[in-house]
Amino acid sequence: ILGPKPVSYSRIRRIWETTRRFWQDIAPTDAPPKELRDFCNNNGLNLEDLWEGPLGLEKSLIGQVIGQAGPRLLIQGSLQPRQQRNKPAPYHAYELRLGRVKIGVLWDPERQGFITLENLAYIAKQLGYIPPKTESREDEQGVEERESLHRWAAEIVRQEIQGQRLTLEEPPEYGGRSQEWGTIDIQEVKPLPQSYVPMVPILAEARTFMALVPADRAMDVVQAIKTKYEREMGKVRNRLPLHIGIVFADARQPLRIALDAGKRMLAQKAQPLLWKVVCAARKAIEKEDALPKRFHSDRNGQFKEWFEILLETGDGERLRRITWYVPAVMGDGKTEDRWYPYVFLAQKDEPKDRQIYYEATNPWNRDHPWLVHVSQLRPCDVIYFTPATLDFIWLDHAGTRFEIAYDEDGRRRGTFHRPYLLDELDDLFACWEMLARDLGTRQIHQVRNLMETRRAEWFEKSGASLQDETFRAFCESVLKNAQWIARPAESGLKRLTHWAVTGLLADAVELFHHIMKQKPVGEERA
């Protein structure tokens, strides 16, 4: 029988530093202090060896996921202000009007010109140009294709504005109109050689993280954060949940509105639920057991051996399952971890039939004080597990942010499935992939609208549809009769039916198609 370690300032500080460093690795807000840089320069030391976090955004986790963009364009020419002003305000944002298209620019007093601020590939598309096809690959070829896309867009925009006389406007306050500053006769447009990471870190502290990222890469960023969380916090994720909220907004939405929506999502939480152990298996690389690809970088370290624990809660359409991957050894790949992966059992009696356990104060139920090591878990055990969650919202207008409110059970008011378990992120991807692969846009809309219309018509409270067999049979019939290019197998239709009943299918269509503007596979090729 083991015992809990005493609470001390040093232990609390280590926990705080570890969780803060987790977010600093994702998108750093701290730079190495000047004293440390000077020390390294004076003593011939490598700054990367002494500074724990990434030295720049391009080396951070989000920077590696998003990649780099560029070049930006430097626009120089003759200015004709409407009022008696010689130059624009230093480092102030303006807009160049090119027909119906507005290009965000910033005045650089050192270069005596404007620097473009926006995604030039998006500007080129607004101007009517069709961008070359690129694949969403993370290999070197994918990086080269994205770089080629940005160079193509920069050249398109350069040609469009070279030699033009354009109106220069000051961006308005929210709800107002742009004010004309004057005009510029563009004499020279040249690309700047520096590339950049198209993201803005806002906050990276122990408990809270906020950053601005491109909407079309937001889910890739979430996927990367999930993997890092599982790898680094996998042993304690039963009591250290991660709650991720994504606020999608267009470029014209005021930043303060998006930040306020993000702040409201910080109230997201998951009550510690009672989960039943379905299976608890110990696996190992040496046994040639299948380790998920996202953990392969640790296959010779802490994931050389691991516990694969299948948990479930609820029943029927409310049944939710997660797989908890727990590293069985320390980073050396040899030392058995007897310190971290413990869980509270939902029982009063001392578990004398287990070999590794101890007693401590259960923060959720003081009548259940016994923790056991995950190696001692057995099927049908009931444990306390606080799951990680994921929520998202599209800010179509400023008032939408007031819809973000959570009840005592952690569920978002006005919905019956959000927030999702972070483990259900894979289901969102899988659902959209199945729909986009074998259905067109029109069919996807018809299937989704038909089922959600019936849900609204048949049930006064949408949550009642989850347990209704008639509604489930209706969703199954709609999916079977859809005009599939290649109809999914029976198991696939069963999964789609479950996702339709729970509302995940409708959310997947909203997320990937309406918000992220992804198209079905056949339409992308066309």
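Residues numbered from 1 in each chain as written. Predicted model: local features only at pLDDT ≥ 70, side-chain atom pairs only at ≥ 80, totals over all residues. Heavy atoms only, no water.

Participant: Can you lay out the sheet that holds strand S10 (residues 273–284) for me, pointing to particular residues and giving the numbers?
Facilitator: Pairing is antiparallel in the open sheet, where four strands are placed in the order S12-S11-S10-S16. Strands with a single pairing partner mark the edges of an open sheet, and in this sheet they are strand S12 (320–327) and strand S16 (382–385). Across the sheet, the mean angle separating the axes of adjacent strands is 40° when strand polarity is ignored. Alignment of strand S11 (residues 305–313) against S12, held across eight bridges, turns out to be antiparallel. The partner of tryptophan 306 across the bridge, within S12, is proline 327. (Pairing = 2+ DSSP bridges. Helix = DSSP H or I, 4+ residues; strand = E, 2+ residues; numbered from the N terminus. Axes fitted to C-alpha atoms, helices over the stretch in contact; angles between N-to-C directions.)

Participant: Would you mind going over the side chain of aspartate 381 in detail, with residue names and values included?
Facilitator: Here aspartate 381 lies in the loop between strand S15 (370–373) and S16. For aspartate 381, a relative accessible area of 9% corresponds to the buried category. Apart from residues lying up to four places away in sequence, aspartate 381 is in contact with Trp275, Lys276, Val277, Leu345, Arg354 and Gln376. (Buried < 20%, exposed > 50% of the residue type's maximum accessible area, 1.4 Å probe, protein only. Contact = heavy atoms within 4.5 Å.)

Participant: Describe the packing of helix H10 (residues 441–458) against helix H11 (residues 469–480), listing the residues and the values that go with them.
Facilitator: Packing of H10 against H11 brings their axes to within 10 Å, and their N-to-C directions diverge by 165°. It follows from the interaxial angle that H10 and H11 lie roughly antiparallel. Judged by the twist between their axes, the crossing of H10 over H11 is right-handed. Judged by residue contacts, Val447, Leu450, Met451, Arg454, Arg455 and Trp458 of H10 engage Thr470, Phe471, Phe474, Cys475, Val478 and Leu479 from H11. A breakdown of the residues in the contact of H10 with H11 according to their chemical character gives nine nonpolar, one polar and two charged. (Parallel < 35°, antiparallel > 145°, perpendicular 65-115°, else oblique. Left-handed = near helix turned anticlockwise from the far one by under 90°. Nonpolar A, V, L, I, M, F, W, Y, C, P; charged D, E, K, R; others polar.)

Shape descriptors only; they carry no functional weight alone.
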